[in-house]
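Residue-level listing of the chains:
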Amino acid sequence: MKLIVPAAGKSTRFPVGRPKWLLQHPEGVTMLEKSVLGFSDFEDFDEIIIVTTTSHLDGVNRETITDNLSSLTGLDARFFELTQQTASVVETLTNFLGSLDEDISFVVKDCDNYVATSSKLLSEQDNAMVYADLHDFPEVSAPNKSFIELGAGDAIENLVEKRVISGFFSVGVTKFESASSFMAGSKLLGVTLSGAEIYISDVVRALMQLGSTFKGIQTTEYEDWGTLDLWRSFTSRYATVFVDIDGVIATNSSRISDSRNWTSFSPLEKNLGTLLSLEASGKVTIFFTTSRSELYRATLEKTLAEQGFQAPKLIMGLPHAQRVLINDFSATNPYPSAIAINVERDSDNLESYLHGIIQLKS
Amino acid sequence: MPFEIMHRDSESQGKFLIDLFSLGQSGCSLSVEYGKTGPRVTKQSHAGIDDKITLRLHKQYLKHVRIQEQGLMDPISVPKVLDAFSGNGYSMSLAPGLPLGLALNTMSRWESLQVALKLGQYFETSLDAASAHETVNGAVTLKLEELSAFYKVARDKQLSIIGSNCANMLRAYFSKTRIGASFNHGDFSFENIMVSRGSRALTALDFLDSPFESLLIDVGRLWLDLNGGWWIEGLNSSPTATLNAREIAVTIETALRKFGIDRRQIDFWACFAGLRVAPYTRNPTRLALLKFSLARTLEVYS
């Protein structure tokens, strides 16, 4: 069973000057690499194939991507390059499948979302489609999705593009029993090489009419990155926070003070709670900055660990002076990409300053 | 490769044919030698003398000789047999031109009409000579039962459903239709009909014994390609090929109507051809086109 990731589209909903799947995910990989990592296991796949265009890969080091995917998944990964951009995912797939000498079973995975699922569950079915429940994802833009109705044994009974017929929507992971079935289905749709956008769900529907059964497999973990707005909303949950210690997470202390010196730590509980929540989201990296001298590193690390921070990172011995944050901005990391927050010393209302800056949802 | 360029020299044509027929499923190899008397094509089995591939090739040779001597496919030519069957193969002249499936991409409308007329003439000649008394209905029923049994347990579930339904539909229909015995080529497909540029002469290759002798097997096999497209060209034929194929289909349909063979019969014989070919098909594009054709027939007639 092959894992195929179509990535040959024109990315019209991402006017950022490069294909969306090459955008940098906050965790340091491309959107596409991250999109593949939702599978809990890869044992039932024998290969990852990214179908894209040569023009998309202009200036891109292909091995950086394929080697990383291989190391993360244990699978061989390769690009299949088309000479022209395609008008639809179905066209991308038929162009690739038409090049094969043997009939293969495959899973097609969208490159612009993250879906938690299992290769084993997919391999156990001839045909399957992964879906999510709208109730679990109230922020999803329903009119853009394809919706399914399930029957006995979670078999998909009905499937309609862009009309809400149920609370279950397809999340862009579909298993097909054979390349020939997929191509027969797309031919029945009358797909031409320069036609209107045809969706995978349309082919699924065509195959259902030919008698194929698709099993629905639910996921409860899903991120949609299909438009630039959605992507920015997602990436805005990530941040690197440089936070001062004295006066921000602990009442201010001084090197020369008797009672509140650099060996002491009187926590500002609410502020600490806010930062601990951010760290717990897994999307915020915190660096603690302080004028306290390096001599107190071990003490401070221990204190912060006791407060609940995981392997706290400290930048110590900084001048007691203005701190300036500098960062570049771009379409994918829009202005302002560097933000400074000034809080009143020893106030315990950091959370109110962070609203609208970092998404406090995990 | 363009029709015009291919005809520059027979050497490139020969190489093209070798490449093309290496895609075939006959289990035999082809080689071309260029001598003083012109190119010579040798077809051989590399299996043992008693192996079924060799025996099949020998049967093909016998049919080839019979067609050549009796002009059974006129006005369609066949390559001239140069060396009689010996051991595990035989030699013949190189068939000029391009396979019909390829030629359709660049033929003019007039050229495709010329091709259609020749195909129609072959069909008419064979049907005119058909036996008034001998029928092949029994053999048709037997073959459909075999196919039905195969598709019932086929591993490809989609093919199993489509194939079973098609086989049942054909069994019901053919049980009520008289099918007379008549000569046939046996594998009358786009890759086995060569079209010469200029003269638009047709040459047929690769004859096969069919489960029974009926021209309608040839009609069905050709119709399968005319309507489904040639798999070597991919899932979707070029607009020119589609239009030319349609032109040929209309002409053939008109010719066959004189013999009481209507569109439904032709579609059903194409369906029969698809059911025969699918079990041996490994290429996914080819299999996809077969599934498509079978499904379309079911959609229209069931």
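Residues numbered from 1 in each chain as written. Chains lettered and ligands numbered in written order. Predicted model: local features only at pLDDT ≥ 70, side-chain atom pairs only at ≥ 80, totals over all residues. Heavy atoms only, no water.

## Some remarks on the sheet that holds strand β13 (residues 284–289) of chain A
All names here are of chain A.
Reasoning step 1: Pairing is parallel across the open sheet formed by three strands, whose spatial order is β12-β13-β14. With one partner strand each, in any of the chains shown, β12 (239–244) and β14 (313–315) form the two edges of the open sheet. Taken pair by pair, the neighbouring strands of this sheet meet at an average axis angle of 30 degrees, ignoring direction.
Reasoning step 2: As paired strands, β13 and β14 are joined by three bridges and run parallel to one another. Looking at the pairing, Thr289 lines up with Ile315 of β14.
Reasoning step 3: Across the sheet, helix α8 (residues 269–280) touches β12 and β13, and the angle it forms with β13 is around 140 degrees. (Pairing = 2+ DSSP bridges. Helix = DSSP H or I, 4+ residues; strand = E, 2+ residues; numbered from the N terminus. Axes fitted to C-alpha atoms, helices over the stretch in contact; angles between N-to-C directions. Contact = heavy atoms within 4.5 Å.)

## Some details on the interface of chain B and chain A
Reasoning step 1: Across the contact, 19 residues belong to chain B and 24 residues belong to chain A.
Reasoning step 2: Taking both partners together, chain B and chain A bury about 1,700 Å²; carbon and sulfur atoms supply 57% of that area.
Reasoning step 3: Three residues, Gln158, Leu235 and Pro284 of chain B, lead the burial of chain B against chain A; their summed loss comes to 34% of the area buried on that side.
Reasoning step 4: The tally of links between chain B and chain A comes to one salt bridge.
Reasoning step 5: Between Asp126 of chain A and Lys157 of chain B there is a salt bridge, with the nearest N and O atoms lying 2.6 Å from each other.
Reasoning step 6: On inspection of chain B and its partner chain A, the count reaches seven residue pairs in polar contact (both at pLDDT 80 or more).
Reasoning step 7: Breaking the side of chain B that touches chain A down by element, the ones donating at least two residues are α7 (157–174) and α11 (284–301) of chain B.
Reasoning step 8: Of all the elements, α11 of chain B adds the most residues to the side of chain B that touches chain A, at nine residues.
Reasoning step 9: Within the side of chain B that touches chain A, the residues separate by chemical class into nine nonpolar, five polar and five charged. (Buried area = accessible area lost by both parts, 1.4 Å probe. Salt bridge = Lys/Arg side-chain N within 4 Å of Asp/Glu carboxyl O. Polar contact = N/O pair within 3.5 Å; in protein donor to acceptor, adjacent residues only side chain to side chain. Nonpolar A, V, L, I, M, F, W, Y, C, P; charged D, E, K, R; others polar.)

## Some remarks on the packing of α7 of chain B against α11 of chain B
Residues and elements named next belong to chain B.
Reasoning step 1: For the pair α7 and α11, interaxial distance at closest approach is 10 Å and the crossing angle is 45 degrees. With respect to their mutual orientation, α7 and α11 come out oblique. Between α7 and α11 lies a crossing whose hand is left-handed. Along its contact with α7, which presents Gln158, Leu159, Ile162, Asn165, Cys166 and Met169, the element α11 presents Leu287, Lys291, Leu294, Ala295, Thr297, Leu298 and Tyr301. (Parallel < 35°, antiparallel > 145°, perpendicular 65-115°, else oblique. Left-handed = near helix turned anticlockwise from the far one by under 90°.)

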